[in-house]
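Commentary on secondary and tertiary structure
So you can see what is in the structure, the chains are spelled out below.
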Amino acid sequence: MKKVLITGVTGFAGSHLAELLVEQGNCDIVGLHVSDRNLHNIANIADKIQREKINLLDREATDAVIQKVQPDIIFHLAASATVKESFEHAADFITNNSTSQINLFEALRKHNLFQTKFVLISSANVYGIVKPADIPIDEQTPFTPDNPYAVSKITQDYLGLCYYLSYKLPIIRLRPFNHVGPRMSADLSVSRFAKYIAEVEKGLQEPILRVGNLDAKRDFTDVRDMVRAYVLASERCENGAYNIGTGVSYTIGEVLDELLELAKVKIDVQVDQSLFRPSDIPELRADATKFQETTGWQPEISLGKMLEDLLEYWRKID
């Protein structure tokens, strides 16, 4: 049985990844989390995984858990991850996301775990404001980040490259495009819309939804398809960078329209300039050919299904 370590196990993608690995049943899983706030996300598998509550910014604690677990595979998902919040706390985002990862790399080096496969979850946000001629975006597209979160993910991405080139740590750098589904944070627009619709249906909110930029286009993958891609990456990818996405983009407005079609009540939409970001990427659409040819992965869950499941998730939250 391989030993798998998941950082950020109680988070959106981390909890779905843990569920998938439990279902596959071919590894021992240790999940790391920094607080107890989202333990409900893994309540259904709590007795099937081990947990360690640590802050990856604590070098000694990180070193100790790596020495204890001796993982064969690490899925590194823990990160500060909200674009809007990154403008308000830029230094924290860049420091937290880079330092936590360095502590993991250094622990692997210290304990001579040079065979541990490290699946580094970067982000499509690293590409930033891409020229129309460069869409769909492949792995060679230049980085033009427009927010501090993206800069923090570039730092993580390139630290992974650095530690591979310098120490030959086997590091796979994944650049997932937007993913959606149950447990998605309401800090992110699509989930915020679904949560608000559910609250209007329950009589908890007025039927007026205030929104920011609805013209930005994104490539949406269901989170369950995305974590399946992470597992395939750990099995079939070599050192390098890989985009993961569907190759199809929708405007935020189109996604909102689909959610409103699923709503049980009539909701008016009002554009609120205060909800606009200082800058916003016009379009992120993946060319995931490299990843698909390497792993055979294809998305299976439709946009409609992922939005329906997201809305149902918020309807069940008290």
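Rules and cut-offs
- Residues numbered from 1 in each chain as written.
- Predicted model: local features only at pLDDT ≥ 70, side-chain atom pairs only at ≥ 80, totals over all residues.
- Heavy atoms only, no water.
- Helix = DSSP H or I, 4+ residues; strand = E, 2+ residues; numbered from the N terminus.
- Rg over C-alpha atoms; globule rule 2.2 N^0.38 Å.
- Buried < 20%, exposed > 50% of the residue type's maximum accessible area, 1.4 Å probe, protein only.
- Contact = heavy atoms within 4.5 Å.
- Lys, Arg positive; Asp, Glu negative; His and termini not counted.
- Charge placed at Lys NZ, Arg CZ, Asp CG, Glu CD.
- Pairing = 2+ DSSP bridges.
- Axes fitted to C-alpha atoms, helices over the stretch in contact; angles between N-to-C directions.
- Left-handed = near helix turned anticlockwise from the far one by under 90°.
- Nonpolar A, V, L, I, M, F, W, Y, C, P; charged D, E, K, R; others polar.

Another aspect to go through is the overall build of the protein chain. The secondary structure content of the protein chain amounts to 10 helices and 14 strands. Relative to a compact globule of 318 residues, whose C-alpha radius of gyration would be 20 Å, the protein chain shows 19 Å and is just as compact. Seen through its principal axes, the protein chain has C-alpha atoms that stretch 60 × 45 × 40 Å. When burial is assessed residue by residue, the protein chain has 51% of its 318 residues classed as buried. In the protein chain, the share of contacts with a sequence separation of at least 24, taken over all contacts with a separation of at least 6, comes to 80%. The centroid of the 35 positive side-chain charges in the protein chain is displaced by 4 Å from the centroid of its 44 negative side-chain charges.

Spatially, 3 strands are ordered E12-E9-E14 in an open sheet, and the strand pairing comes out mixed. Bordering the open sheet on either side are strand E12 (250-251) and strand E14 (283-284), each of which pairs with just one other strand. Pairing between strand E9 (residues 217-218) and E14: 2 bridges, direction parallel. When the bridges of E14 are listed, arginine 218 appears paired with leucine 284.

For the pair helix H1 (residues 12-24) and helix H7 (residues 223-236), the least separation of the axes is 9 Å and the interaxial angle reads 65°. Classified by chirality, the crossing of H7 by H1 is right-handed. Of the residues in H7, those in contact with Phe12, Ala13, His16, Leu17, Leu20, Leu21 and Gln24 of H1 are Val223, Arg224, Val227, Arg228, Tyr230 and Val231. Among the residues making up the contact of H1 with H7, the classes are represented as 9 nonpolar, 2 polar and 2 charged.

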